[in-house]
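If you want the building blocks of each chain, they are given just below.
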2 protein chains.
Amino acid sequence: MTQDRVVIGVDLGGTNVRCAGVDDKGRISHHTKLSVAGSASAEAVVARIVDCISRTMDGYGRNRVMGVGVGTPGLIIAETGTVVYAPNVPGWTDLPLRDILEERLKIPVEIENDANAAAIGEHWVGAGRGVRHLICITLGTGVGGAIILNDQIWRGANGAGGEVGHTTVIEDGVICGCGAPGCLEAYASAPAIARQAREALRAGVQSRLTTWCDGNPETITSAMVAQAAEEGDPVAQAVMHRAGTLLGVAVASLTNLLNPELFVIGGGVINAGDLIFKPIWDEIHRRAYKWSASILRVVPAALGDDAGLIGAARNFTLSRPSPS
Amino acid sequence: MTQDRVVIGVDLGGTNVRCAGVDDKGRISHHTKLSVAGSASAEAVVARIVDCISRTMDGYGRNRVMGVGVGTPGLIIAETGTVVYAPNVPGWTDLPLRDILEERLKIPVEIENDANAAAIGEHWVGAGRGVRHLICITLGTGVGGAIILNDQIWRGANGAGGEVGHTTVIEDGVICGCGAPGCLEAYASAPAIARQAREALRAGVQSRLTTWCDGNPETITSAMVAQAAEEGDPVAQAVMHRAGTLLGVAVASLTNLLNPELFVIGGGVINAGDLIFKPIWDEIHRRAYKWSASILRVVPAALGDDAGLIGAARNFTLSRPSPS
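In this text, all values refer to a predicted model and were calculated from it rather than measured experimentally. (Residues numbered from 1 in each chain as written. Chains lettered and ligands numbered in written order. Predicted model: local features only at pLDDT ≥ 70, side-chain atom pairs only at ≥ 80, totals over all residues. Heavy atoms only, no water.)

## Re the relation of the copies chain A and chain B
Superposing chain A onto chain B takes a rotation of 180° plus a shift of 0.0 Å along the axis, which leaves an RMSD of 0.0 Å. In symmetry terms, the pair is related by a two-fold rotation axis. Of all interface residues in chain A, 100% are interface residues in chain B too; the two copies therefore contact each other through one and the same surface. (Least-squares fit on C-alpha atoms with pLDDT ≥ 70 in both. Contact = heavy atoms within 4.5 Å.)

## Concerning the domain arrangement of chain A
Residues and elements named next belong to chain A. One can read the domain layout of chain A as domain 1 (6–120 + 306–319) and domain 2 (130–302). Listed by partner, the interface residues are 10 residues for domain 1 and 10 residues for domain 2. Between domain 1 and domain 2 the total buried area reaches about 750 Å² when both faces are included, carbon and sulfur atoms providing 58% of it. Linking domain 1 with domain 2 are one salt bridge. (Domains from an automatic or database assignment. Buried area = accessible area lost by both parts, 1.4 Å probe. Salt bridge = Lys/Arg side-chain N within 4 Å of Asp/Glu carboxyl O.)

## Points about the side chain of H133 of chain A
All names here are of chain A. Along the polypeptide, H133 turns up in the loop between α3 (114–125) and β9 (134–139). Classification of H133 by relative accessible area gives buried; the value is 8%. A polar contact of 3.1 Å, which involves the side chain of H133, links it to the backbone nitrogen of N150. (Helix = DSSP H or I, 4+ residues; strand = E, 2+ residues; numbered from the N terminus. Buried < 20%, exposed > 50% of the residue type's maximum accessible area, 1.4 Å probe, protein only. Polar contact = N/O pair within 3.5 Å; in protein donor to acceptor, adjacent residues only side chain to side chain.)

## Comments concerning the interface of chain A and chain B
Accessible area lost when the parts come together is the quantity often used to give the size of an interface. Between chain A and chain B, the contact holds 49 residues from the first and 49 residues from the second. Together, E171, L257 and W291 of chain A form the three largest contributors to the area buried by chain A at its contact with chain B, with a combined 19%. The interface formed by chain A and chain B includes four salt bridges. The tally of links between chain A and chain B comes to 32 residue pairs in polar contact (both at pLDDT 80 or more). Those elements that provide at least two residues to the side of chain A that touches chain B are β5 (75–77), β6 (82–85), β10 (143–149), α8 (234–258), α9 (274–287) and α10 (290–293) of chain A. A per-element tally of the side of chain A that touches chain B places α8 of chain A first, with nine residues. Considered class by class, the residues forming the side of chain A that touches chain B number 24 nonpolar, 17 polar and eight charged. (Nonpolar A, V, L, I, M, F, W, Y, C, P; charged D, E, K, R; others polar.)

## Re the sheet that holds strand β6 (residues 82–85) of chain B
Residues and elements named next belong to chain B. Read from one edge of the open sheet, three strands run β5-β6-β7, paired in antiparallel fashion. Looking at strand neighbours, the two that pair on one side only are β5 (75–77) and β7 (93–95), the edges of this open sheet. Each strand of the sheet is rotated relative to its neighbour by a mean of 20°, with strand direction disregarded. Summarising the sheet, β6 and β7 pair through two bridges and their orientation is antiparallel. Paired with V83 across the bridge in β7 is L95. (Pairing = 2+ DSSP bridges. Axes fitted to C-alpha atoms, helices over the stretch in contact; angles between N-to-C directions.)

## Thoughts on the environment of E163 of chain A
Turning to its location among the elements, E163 of chain A is positioned in the loop between β11 (152–153) and α4 (185–188). Taking the C-alpha atoms as reference points, E163 of chain A and V143 of chain A, 20 residues apart in sequence, are found 8.4 Å from one another. In this structure, E163 of chain A is in contact with N256, L257 and Y289 of chain B, ignoring residues within four places of it in sequence.

## A word on the sheet that holds strand β8 (residues 109–113) of chain A
Residues and elements named next belong to chain A. Read across the sheet, five strands follow the order β3-β2-β1-β4-β8 without closing on themselves; strand pairing throughout is mixed. Looking at the sheet topology across the chains shown, the edges are occupied by β3 (28–35) and β8. Within the sheet, the average angular offset between the axes of one strand and its neighbour, ignoring direction, is 20°. Summarising the sheet, strand β4 (residues 65–72) and β8 pair through five bridges and their orientation is parallel. Bridge pairing in β8 links G69 to E110. Against the sheet, helix α2 (residues 97–105) engages β4 and β8, with an angle of about 145° to β8. Relative to the sheet, helix α11 (residues 307–319) contacts β1 (6–12), β2 (16–22), β3, β4 and β8, its axis offset from that of β1 by approximately 130°.

## A short note on the environment of K106 of chain A
All names here are of chain A. For K106, the position within the fold is in the loop between α2 and β8. Along the chain, K106 and G67 lie 39 residues apart, while their C-alpha atoms are 9.4 Å from each other. Those residues within four positions of K106 in sequence are excluded, and the remaining contacts are R62 and L101. A distance of 2.9 Å separates a polar atom in the side chain of K106 from the backbone oxygen of E103.

## Concerning the side chain of T32 of chain B
Residues and elements named next belong to chain B. Inspection of the secondary structure assignment puts T32 in strand β3 (residues 28–35). Within the structure, the side chain of T32 is placed 2.9 Å from the side chain of T56, a separation counted as a polar contact. Contacts of T32, omitting those with residues within four sequence positions, involve V17, R18, C19, C52, R55 and T56.

## A short note on the packing of aromatic side chains
A complete count under the given rule lists zero aromatic pairs over all chains for this structure. A cation over a ring is seen here: R195 of chain A above Y187 of chain A, with NZ or CZ 5.9 Å from the ring centre. (Phe/Tyr/Trp six-rings, centres within 6.5 Å; stacked < 30°, edge-to-face > 60°. Lys NZ or Arg CZ within 6 Å of the ring centre and 35° of its normal.)

## Examining the packing of helix α8 (residues 234–258) of chain B against helix α9 (residues 274–287) of chain B
Residue and element names in this part refer to chain B. Where α8 meets α9, the axes come as close as 7 Å, and the angle between the chain directions of the two elements is 40°. What the angle tells us is that α8 and α9 run oblique. By crossing handedness, the relation of α8 to α9 is classed as right-handed. For the pair α8 and α9, contact is made by Q237, M240, H241, G244, T245, L247, G248, V249, V251, A252 and N256 and by L275, I276, P279, I280, E283, I284 and R287, respectively. (Parallel < 35°, antiparallel > 145°, perpendicular 65-115°, else oblique. Left-handed = near helix turned anticlockwise from the far one by under 90°.)

Structure follows, in structure tokens:
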């Protein structure tokens, strides 16, 4: 692979699809972003993705692009490039996304789950570089999870492994978007953090969030909670601490189960720093075997929003090793 | 390997050490059992193990014995054959058990954790035969766990992986023997089941267990609880249901995390049948992804008390593949 050639990495989210060329060092260029919000059909989303990829490819010229790696939400079957289902994408059920994109773009394509793609990116050129056994947890719209064992994504028996966000942390807890009670996602995702702050305000507690939201708790976001916590607001700090504690409960259980070397924690919420990382370590010390904890590191993700895009491109290369 | 030759499998428990010859089909013979209860030192336990192995070897003649596989409680480093620590075995800290046994017995030895050994046995000739990805959970003095991925024991980064019994199921629950609150082991081990029955009786609830224990709840065992539950006693049934439910919470989380094909549940308590297995499935249906659950099976262990012994012998063979 010459340095001139790139793989197009694609990150499909609920709001935007983002593309960029990724070189063999993980460096990105020709970043393109298109909105997919309001797309009413499976085809409309596919068309936006094709458009976004085409624009990025045009930035290079076709002969410099080796292929396309896509990271998409939902359950995917890597071998066939099929999206079994994708929450928040209308009509994406049993969609042969790889075949569709290959036919329209006339270029090889590989598909990966977005949380797995982000983990592949962090493992390649981010916070997980050089680590064989690691678990990535991203606190976003959901709580994304990915498990890398022996330098490879653990997909499980039929492709659905790695769902750290859907481990139970409270037996009869808040009902999660997945329908189950007490999942980690129901307490540590960005919307869950905002929800817990709103609940506290509705209970009449005083907080600078009350002023920030102009008396309308519905406008509170997790970023506002993180900001208020950083500025010392006790209500916001308590919410962040609770999310970090339950994240720590899951991390400690995973430490005993899988004995990994590293957890990489991503998502905007990690800007809160010790407000999240300290309760995680408190629970590790409280619950995990000392032997397993002794080699464990917990670090913030390094690639930010680009992790999924970079990892999706890397997944293409890993899935189609060059003949040399 | 001719059918004439055997590996001696050794299962060290808190009360006894048991040995037998295991042939290349997993059949056992020349079973020997010696008590290790009351052994006051590391050396006393080692001497009993050597004695037990020697007696079994005498049953075959040395030239028929290819080696010895030992399953022992505690944290072991398989590569070096070292016991890092073993709860309930006095003085076993950083014990080079493999080297000690090889020197005294003049025969090759391999060491494995007892829960891992049991899983290897079930995977080889028991309930997990032919399955690539499975998790074994044994409800005994503790809750033993072992994870088999791609037909291999998952040991983790420094050998402590697989501790299913020490996943948190109740955030601020009963303190477990490991010191952490709310571990599965604190609710689903045999002593935990007996404890929960005693607590119910002390609260004044009527049960046939009251008669069986002659008014002394301390004498209640998990076997008595299982028996009473089977006979329709509501208190005993509630206790078994609670243990099965929390086991199910852990099983459902593991299903989302690792997406295995099979759980093998072992230990005397599984004689309670549906009283344990039905709540496990209730929680799987309540909490696990349908896609992952759709391929999942949960079955009772098939090898009973011999799983560890058979698996320890098999581990020897797997660790030292014959040159043929």
